[in-house]
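# Survey of secondary and tertiary structure
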Amino acid sequence: MKDENAQHLLAKVMGWQSQEVVLAHVPSLQLLADYKYDGYQRFGPGQRFMESLALWLGQFDQVDRDAALDFVMTRLVYISDAELSHLVQHAYPDVIMQERIRLVAQERASQRTASVRSVATFASRNYS
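Residues numbered from 1 in each chain as written. Predicted model: local features only at pLDDT ≥ 70, side-chain atom pairs only at ≥ 80, totals over all residues. Heavy atoms only, no water.

## Here we look at the overall build of the protein
Put simply, the test is: Secondary structure elements are defined from DSSP: runs of H or I of at least 4 residues count as helices, runs of E of at least 2 residues count as strands, and each element is numbered from the N terminus. Where accessible areas are quoted, they stem from the Shrake-Rupley method and a 1.4 Å probe; at the residue level, only the protein chains shown are allowed to cover.
Tallying secondary structure elements over the protein gives six helices and zero strands in all. From first element to last, N terminus to C terminus, the protein shows the α and β order α-α-α-α-α-α. Roughly 9000 Å² of accessible area belongs to the protein as shown, and the carbon and sulfur atoms make up 55% of that amount.

## As for the environment of E51
Mapped onto the secondary structure, E51 falls in helix 3 (residues 49-57). Sequence-wise, E51 and H8 are 43 residues apart; in three dimensions their C-alpha atoms are separated by 9.8 Å.

## Brief notes about the packing of helix 2 (residues 19-35) against helix 3
Selection rule: All axes here are fitted lines through C-alpha atoms, helices being fitted over the stretch that makes contact, and every angle between N-to-C directions spans 0 to 180 degrees. Contact definition: two residues touch when any of their heavy atoms are within 4.5 Å. Each residue gets one label: Ala, Val, Leu, Ile, Met, Phe, Trp, Tyr, Cys and Pro are nonpolar, Asp, Glu, Lys and Arg are charged, and the others, such as Gly, are polar.
Packing of helix 2 against helix 3 leaves a shortest axis separation of 9 Å and a crossing angle of 120 degrees. Counting all contacts with helix 2, which are made through V26, L29, Q30 and A33, the residues of helix 3 involved are F49, M50 and L53. Split into classes, the residues belonging to the contact of helix 2 with helix 3 amount to six nonpolar, one polar and no charged.

## Some details on the confidence of the model for the protein
Predicted coordinates in areas of low pLDDT are best not read in detail. Test applied: For every residue, the predictor states its confidence as a pLDDT score lying anywhere from 0 to 100.
With 76% of its residues at a pLDDT of at least 70, the protein reaches an overall mean of 78. For the protein, per-element mean pLDDT is lowest for helix 6 (residues 113-117), which scores 59, and highest for helix 4 (residues 62-74), which scores 92.

## What to know about the packing of aromatic side chains
Selection criterion: Two rings from Phe, Tyr or Trp (for Trp, the six-membered ring) form a pair when their centres are within 6.5 Å of each other. A pair whose planes differ by under 30 degrees is stacked, one over 60 is edge-to-face, and the rest are tilted.
Inspection of every chain in the model, using the stated rule, returns one aromatic pair. Ring geometry for W56 versus F60: centroids 4.9 Å apart, planes at 80 degrees, classification edge-to-face.

## A short note on the nonpolar core
What counts here: Take the buried Ala, Val, Leu, Ile, Met, Phe, Trp, Tyr and Cys residues and link them wherever side-chain atoms come within 4.5 Å; each set so joined is a nonpolar core. The rule is simple: take the accessible area with a 1.4 Å probe, protein chains only, and divide by the maximum for that residue type; under 20% is buried, over 50% is exposed, in between is partly exposed.
With 20 residues, the main nonpolar core has L10, F49, L53 and L57 as its most contacted residues. Within the residue set of this core, elements represented by two or more residues are helix 1 (2-14), helix 2, helix 3 and helix 4.

## Focus: helix 4
Using the following cut-off: Helices are assigned an expected span. That span is 1.5 Å times one less than the residue count. The arc in question is the one traced by the directions running from the helix axis out to the C-beta atoms.
Its 13 residues place the ends of helix 4 19 Å apart at the C-alpha level, agreeing with the 18 Å of an ideal helix rising 1.5 Å per residue. Along helix 4, the residues that are buried comprise R65, A68, L69 and V72. Seen from one end, helix 4 has its buried residues packed into an arc of 100 degrees, which puts them on one side. Along helix 4, the residues that are exposed and aim more than 90 degrees away from the buried face are V63, D66, A67 and T74.

## Here's the deal with the pattern of salt bridges
Between side chains of opposite charge, a pair can form as their charged atoms come close. Heads up, the rule is: Salt bridges are defined as contacts in which a side-chain nitrogen from Lys or Arg sits within 4 Å of a carboxyl oxygen from Asp or Glu.
Under the definition given, this model contains one salt bridge. With a shortest N-O distance of 2.7 Å, E99 and R102 are connected by a salt bridge. With a gap of three residues between them, E99 and R102 both fall in helix 5 (residues 81-108), about one helical turn apart. Exposure remark for E99: the relative accessible area of 35% places this residue in the partly exposed category. Judged by relative accessible area, which is 41%, R102 ranks as partly exposed.

This is the structure we're talking about:
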């Protein structure tokens, strides 16, 4: 029932008059909601994606709402908490530390990473 109310709210905000137009958009939006967005922990308590989308779209002029919805459907990239944590966990050892090694090696004109790791510039913290 709650999903149906959210769909009606979305249809009202978008100005969709026919059931065919609603049915052309809602399955894709519901898939997005089920797959990723409803698991997002920063919505208000009890608030779900379809409701949040309708409220967000409501801030735009009627003529701009189709473009805003198209942006959500085709261009927006959602990153979950788990994906962000994975990125943070791997960014330092896989990217930042390697770049630090390269810069220190370049500074010392040495390509041997074992000797670079012992340099005070790199060893300021124990990241190995």
